Amino acid sequence: MSEICRSLHRLFWQLPKFGFPFDSGNIPRNGIYILFERGESGHGMDRIVRVGTHTGDDQLLSRLEQHYVRENKDRSIFRKHIGRAILNKDKDAFRTQWDIDLTTKAAKAKYAETIDPLKLKDVEKRVTEYVRSHFRFVSLRVDDKMQRLQWESRIISTVSLCEECHPSKDWLGQYSPNVKIVNSGLWLVNELYKQPLSEKDLEALTIAALKAT
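This is a predicted model, so every value here is computed, not measured. (Residues numbered from 1 in each chain as written. Predicted model: local features only at pLDDT ≥ 70, side-chain atom pairs only at ≥ 80, totals over all residues. Heavy atoms only, no water.)

(A) How the structure looks around the overall build of the chain. Within the chain, the regular secondary structure consists of nine helices and three strands. Along the chain direction, N to C, the helices and strands of the chain fall in the order α-β-β-α-α-α-α-α-β-α-α-α. For 213 residues, the compact-globule estimate of 2.2 N^0.38 gives 17 Å, and the chain sits close to it at 17 Å. Expressed as lengths along the three principal axes of its C-alpha atoms, the size of the chain is roughly 55 × 35 × 30 Å. Long-range contacts, defined here as pairs at least 24 residues apart, represent 73% of the contacts in the chain between residues at least 6 apart. As presented, the chain carries roughly 10800 Å² of accessible surface, and 48% of it is formed by carbon and sulfur atoms. (Helix = DSSP H or I, 4+ residues; strand = E, 2+ residues; numbered from the N terminus. Rg over C-alpha atoms; globule rule 2.2 N^0.38 Å. Contact = heavy atoms within 4.5 Å. Areas by Shrake-Rupley, 256 points an atom, 1.4 Å probe, with all protein chains shown as cover.)

Put into C-alpha cells, the structure is as follows:
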C-alpha cells in the first residue's frame, strides 16, 4: 500500500498547486481536491492531509470557497475540525459553543443568548488565517458524480492505510478531540481504512491527471 501511496503523492505533486487567493478560472467545475499542509511531509513530498469533493453539479469551486473564503464553520466540516483543534490546543472552553450547528433559523434563535458572537467571529478569522497560510491544493477534473465519490473514498483509504505517511509532532491535528483525525493524520473522519486504490485505479487517475495538465 505504501508504494501506491507514494505513486499517488508523486502524481498529485506534479499537478499545478494553488493557495489563497486562487483564480477561479483554474478550478474545474467538477472534480476532487487534494490538500497539502505546510510542515507536513510524506514520501519526501508535501503530505496529503485531506481529500474532498462535492455532490452537486458544478460545485467544486463553491466547495473550496467554503473552506478558504466563507467564514462559516457550519458549511465546512474542515473548518470546524480546524477550529476544534485550535480551541483544544488553547484549552478554550468556547469549543462547546463552536460545536453547535447554527445552520437553521431555529438553531440560531435557540442559541442566540448562548453563543458569544464576537468570540465566534474571532475564531472564524483564526481558522481562515490558518487555512490560507498553511494549505495548498491540487484539483482533478472528474465530471461523473459516482466516479468522484469512489475516487475520493479510495484515495482517502489509500493514504490512511499507508505505513509511511505520518503526521509531524507539531501537526495541529494532534490536538483534535476526534481520535480518528489524530490516528489517521488526516483532517477526515469518513472513508478511512476502507477499500484503497488498485493499480488499475492509479492508472485511471494518472490518465485523468495528464489530461488536466
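(B) Main features of the packing of helix H3 (residues 77–89) against helix H6 (residues 117–134). Running from N to C, H3 and H6 point in directions that differ by 105 degrees, and their axes come no closer than 9 Å. Classified by the interaxial angle, the pair formed by H3 and H6 is roughly perpendicular. Contacts between H3 and H6 involve Phe78, Arg79, Ile82, Gly83, Ile86 and Leu87 from the former and Val123, Glu124, Arg126, Val127, Thr128, Tyr130 and Val131 from the latter. Taken together, the residues of the contact of H3 with H6 break down into eight nonpolar, two polar and three charged. (Axes fitted to C-alpha atoms, helices over the stretch in contact; angles between N-to-C directions. Parallel < 35°, antiparallel > 145°, perpendicular 65-115°, else oblique. Nonpolar A, V, L, I, M, F, W, Y, C, P; charged D, E, K, R; others polar.)

(C) Spotlight on the environment of Pro16. Within the secondary structure layout, Pro16 lies in the loop between helix H1 (2–13) and strand E1 (31–42). For Pro16, a relative accessible area of 45% gives the class partly exposed. Note: C-alpha distance between Pro16 and Ile27 (11 residues apart in sequence) is 10 Å. (Buried < 20%, exposed > 50% of the residue type's maximum accessible area, 1.4 Å probe, protein only.)

(D) Just helix H2 (residues 60–68), in detail. Counting buried residues along H2, seven of its nine residues qualify, which places the element largely inside the surrounding structure. Within H2 the residues assigned to the buried category are Leu60, Ser62, Arg63, Leu64, Gln66, His67 and Tyr68. Those residues of H2 that are buried are in contact with E1, strand E2 (45–52), H3, H6 and strand E3 (135–141).

(E) Quick peek at the nonpolar core. One finds Leu35, Ile82, Phe135, Phe137 and Trp187 to be the most contacted residues of the largest nonpolar core, which totals 30 residues. Going through the elements one at a time, E1, H2, H3, H6 and E3 are the ones with two or more residues in this core. Those residues in contact with Trp187 that lie beyond four places of it in its chain are Glu37, Val49, Arg50, Phe78, His81, Ile82, Ala85, Phe135, Trp171, Leu172, Gly173 and Ile181. (Core = buried A, V, L, I, M, F, W, Y, C linked by side-chain atoms within 4.5 Å.)

(F) Quick look at the layout of surface pockets. There is about 310 Å³ of room inside the largest pocket. If you go around the largest pocket, you meet 20 residues; those closest to its centre are Arg50, Arg63, Ile77, Glu152 and Asn190. Of all the elements in the fold, those that place two or more residues in the lining of the largest pocket are E2, H3 and helix H7 (145–161). With four residues, the top contributor of residues to the lining of the largest pocket is H7. Considering only residue class, the lining of the largest pocket consists of eight nonpolar, eight polar and four charged. There is about 210 Å³ of room inside the second largest pocket. What lines the second largest pocket is a set of 10 residues, and nearest its centre among them are Arg141, Val142, Ile207, Ala208 and Lys211. Where the lining of the second largest pocket is concerned, the elements lending two or more residues are H7 and helix H9 (199–212). Tallying contributions element by element places H9 first for the lining of the second largest pocket, with five residues. Its residues assigned to classes, the lining of the second largest pocket shows seven nonpolar, one polar and two charged. (1 Å grid on protein atoms, 1.4 Å probe; cavity = no way out; pocket = protein on both sides within 12 Å on 5 of 7 lines; lining within 4 Å. Points joined across faces, edges and corners; volume = space filled by probe spheres on them.)

The values reported here are purely geometric and, on their own, carry no functional implication.
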